Amino acid sequence: MPTIPRQNDVLFGKGTAINTHHGNKHYRSMVALHQPNFFQSKRNEKREVAKNLVNEIETLGRRFLMEDPNSSRRDGKGGV
């Protein structure tokens, strides 16, 4: 059964439809908020900053979805 993307999900991919999706816009704004901390972190701390961002997004009930190249289906791709 295909996963139907919701408005707040983050969609992996390219193109206008992906870039203008509400969930992707919100994701980019959250990335911008975390960037100063990421850039000030040491190399071995950067993964933790990224994990915290992913956890924050998933805590809000948002999902990371990637389109299955063999169909029009999207699958969840959580984690870092």
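In this report, we go over the structure that sits alongside the text. (Residues numbered from 1 in each chain as written. Predicted model: local features only at pLDDT ≥ 70, side-chain atom pairs only at ≥ 80, totals over all residues. Heavy atoms only, no water.)

Right, let's get into helix α3 (residues 46-59). Here α3 is 14 residues long and its end C-alpha atoms lie 20 Å apart, about the 20 Å a rise of 1.5 Å per residue gives. For α3, the set of buried residues is Val49, Leu53, Val54 and Ile57. All buried residues of α3 lie within an arc of 135° about the axis, which places them on one face of the element. Seen from the buried face of α3, the exposed residues on the opposite side, beyond 90 degrees, are Arg47 and Thr59. Lining the buried residues of α3 we find β1 (10-12), α2 (22-40) and β2 (64-67). At the C-terminal side of α3, Gly61 shows a positive phi close to 85°. (Helix = DSSP H or I, 4+ residues; strand = E, 2+ residues; numbered from the N terminus. Expected span 1.5 Å × (residues − 1). Buried < 20%, exposed > 50% of the residue type's maximum accessible area, 1.4 Å probe, protein only. Arc of directions from axis to C-beta. Contact = heavy atoms within 4.5 Å.)

Moving on to the packing of α2 against α3. Two elements in contact, α2 and α3, have axes whose closest approach is 10 Å; the angle formed by their N-to-C orientations is 155°. As far as their axial angle goes, α3 and α2 are roughly antiparallel. When you trace α2 past α3, the crossing you get is right-handed. Of the residues in α3, those touching α2 at Tyr27, Met30, Val31, His34, Asn37, Phe38 and Phe39 are Lys46, Val49, Leu53, Glu56 and Ile57. Among the residues making up the contact of α2 with α3, the classes are represented as eight nonpolar, two polar and two charged. (Axes fitted to C-alpha atoms, helices over the stretch in contact; angles between N-to-C directions. Parallel < 35°, antiparallel > 145°, perpendicular 65-115°, else oblique. Left-handed = near helix turned anticlockwise from the far one by under 90°. Nonpolar A, V, L, I, M, F, W, Y, C, P; charged D, E, K, R; others polar.)

Bear in mind that shape data such as this cannot, by itself, settle questions of function.
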